[in-house]
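# Fold and contact review
These are the residues of each chain, in order.
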Amino acid sequence: MVTRIPREPVTDALRDEWSTLEAVLVELSDDQLAAPSILDGWTVSDVFAHIAGTEWMLTGREVNSTRNVADLPHVRNPIGELNENWLDFYRARSRQELTDDFHDVTAQRLNALEGLTEQQWDAEAFTPVGPDSFGRFMRVRVFDSWTHEIDIRDSLNLGVPTDIVPATAARKEMVTNLPYLIGKRAAAPAGTTVTVDFTGLAPRAVHIAVDDRAAVVPAIDGPADVTLRVDLVDYARLIGGRTTADPSRVQIEGDTALGERIVGNLHYLI
């Protein structure tokens, strides 16, 4: 069974996020683009190249490998190898070519999404989170692009994202993994309730009840056994295992031991 996701909030989020990233790209100096990012082996420019390359791949465009990247310490899978090939492609090109390509590919992708029928949007597709709807895949693209905006800003001390539209879509995508993180990885016992209170740009309290399996529920009776209060940007850093992640920024109320176990098992992105 696929996840049916409304199209307009996702396409609006992609449009806003890519527009923001393009504006940041244009405004950065050459020195800022060449600066190391918080991601191993990547400069700030490489982060933009990665986003552009991923979207080009979704149009069917390919680039040839120019070296063996499989043994690089930060490459862990075939997707990582494809990412590095796109970085090498743009490292051999000017910043203007990268800027022009970023603009062109995001415009192409938005046009393609607007041309889809509802059946195509809801159809089952291969996604980074397994078989699900194409719409879910596009929400993952919002989450990925928004997370990389955080990476770029953290690398250059530019503050945090300010657009609520992509942040809301990213939060909805992150919430889908909470039952797995709490019920499976943190092994919260049956009968446990957990509230994750996201604060900051797109605030929302999310409740998880653990029965035979953990699941997001609309409400719980009374206070949860443990409440985690965390800024949405800080949460994104934690699940991504970023060097800027700080577990101490998560406020834990209730069952401290379980809360600390959940926080300690949040990193799942590679």
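Keep in mind that this is a model prediction, so the values were computed, not measured.

## Some thoughts on the layout of surface pockets
What the largest pocket holds in volume is close to 1500 Å³. Lining the largest pocket are 42 residues, and of these Ile79, Asn83, Asp144, Leu269 and Ile270 lie nearest its centre. Going through the elements one at a time, α3 (44–59), α4 (78–91), α7 (134–156) and α8 (164–175) are the ones with two or more residues in the lining of the largest pocket. Partitioned by chemical class, the residues of the lining of the largest pocket number 19 nonpolar, 14 polar and nine charged. The biggest single contributor to the lining of the second largest pocket is helix α9 (residues 178–185), with four residues. For the lining of the second largest pocket, the class distribution of residues is five nonpolar, one polar and four charged.

## A word on the sheet that holds strand β4 (residues 204–210)
Taken together, five strands build an open sheet; the order of strands is β5-β4-β3-β6-β7 and the sheet is mixed. The open sheet has two free edges, formed respectively by β5 (214–217) and β7 (251–254), since each of these has just one partner strand. Each strand axis lies, on average, 20 degrees off the axis of its neighbour in the sheet, ignoring direction. The sheet contact formed by strand β6 (residues 226–231) and β7 spans four bridges and is antiparallel. For Arg229, the partnering residue across the bridge sits in β7 and is Gln251. Along the sheet, helix α10 (residues 232–239) contacts β3 (193–199) and β6; its crossing angle with β6, the most-contacted strand, is approximately 100 degrees.

## Some points on the pattern of salt bridges
Using the criterion set out here, one finds 22 salt bridges in the structure. The residue Glu118 makes a salt bridge to Arg7 at a minimum N-O spacing of 2.9 Å. Separated by 111 residues along the polypeptide, Glu118 in helix α6 (residues 118–122) and Arg7 in helix α1 (residues 7–27) bring together distant segments of the chain. Residue Arg7 is classed as buried on the basis of its relative accessible area, which comes to 15%. Across the pair Asp88 and Arg67 runs a salt bridge whose closest N-O atoms are separated by 2.7 Å. Taken together, the residues span a long stretch of sequence, with Asp88 in helix α4 and Arg67 in the loop between α3 and α4 at a distance of 21 residues. Judged by relative accessible area, Asp88 falls into the buried class, the value being 14%. Overall, Arg67 belongs to the partly exposed group, its relative accessible area being 37%. A single salt-bridge network, built from bridges that share partners, covers Asp46, Arg67, Asp88 and Arg91.

## What about the nonpolar core?
Considering soluble globular proteins, one finds that nonpolar side chains tend to be buried as a cluster. In this structure, Leu14, Val44, Phe48, Tyr90 and Met138 are the most contacted members of the largest nonpolar core, which totals 40 residues. Those elements that provide at least two residues to this core are α1, α3, α4, α5 (95–114) and α7. Sequence-distant contacts of Leu14, that is, excluding residues within four places in its chain, are made with Leu110, Leu113, Met138, Arg141 and Val142. Counting residues in each nonpolar core, the second largest holds 34 residues, with Ile182, Val196, Ile208 and Ala214 among its members.

## A short note on the packing of aromatic side chains
Tallied over the full model, the rule gives seven aromatic pairs. Ring centres of Phe89 and Tyr90 lie 4.9 Å apart, and the angle between their planes is 85 degrees; this geometry places the pair in the edge-to-face category. Geometrically, the ring pair formed by Phe134 and Phe137 is edge-to-face, given 6.3 Å between the ring centres and 80 degrees between the ring planes. Pair noted here: Phe134 and Phe137 are both in helix α7, with a separation of three residues, about one helical turn. Cluster of aromatic residues (ring-pair linked, three or more members): Trp86, Phe89 and Tyr90. The positively charged end of Arg61 is found above the aromatic ring belonging to Trp56, 4.5 Å away from the centroid. In this structure, Arg93 packs its charged tip against the face of Phe89, placed 3.6 Å from the ring centre.

## A word on the environment of Thr127
By secondary structure assignment, the location of Thr127 is in the loop between β1 (124–125) and β2 (132–133). By relative accessible area, Thr127 is classed as buried at 1%. Separated by 13 residues in sequence, Thr127 and Val140 have C-alpha atoms that sit 8.4 Å apart. Every residue in contact with Thr127, bar those within four places of it in the chain, is listed here: Asp132, Ser133 and Phe137. A polar contact of 3.0 Å, which involves the side chain of Thr127, links it to the backbone nitrogen of Val129. Within the structure, Thr127 has its side chain in polar contact with the backbone oxygen of Gly130 (distance 2.5 Å).

Conventions we followed
Residues numbered from 1 in each chain as written. Predicted model: local features only at pLDDT ≥ 70, side-chain atom pairs only at ≥ 80, totals over all residues. Heavy atoms only, no water. 1 Å grid on protein atoms, 1.4 Å probe; cavity = no way out; pocket = protein on both sides within 12 Å on 5 of 7 lines; lining within 4 Å. Points joined across faces, edges and corners; volume = space filled by probe spheres on them. Helix = DSSP H or I, 4+ residues; strand = E, 2+ residues; numbered from the N terminus. Nonpolar A, V, L, I, M, F, W, Y, C, P; charged D, E, K, R; others polar. Pairing = 2+ DSSP bridges. Axes fitted to C-alpha atoms, helices over the stretch in contact; angles between N-to-C directions. Contact = heavy atoms within 4.5 Å. Salt bridge = Lys/Arg side-chain N within 4 Å of Asp/Glu carboxyl O. Buried < 20%, exposed > 50% of the residue type's maximum accessible area, 1.4 Å probe, protein only. Core = buried A, V, L, I, M, F, W, Y, C linked by side-chain atoms within 4.5 Å. Phe/Tyr/Trp six-rings, centres within 6.5 Å; stacked < 30°, edge-to-face > 60°. Lys NZ or Arg CZ within 6 Å of the ring centre and 35° of its normal. Polar contact = N/O pair within 3.5 Å; in protein donor to acceptor, adjacent residues only side chain to side chain.

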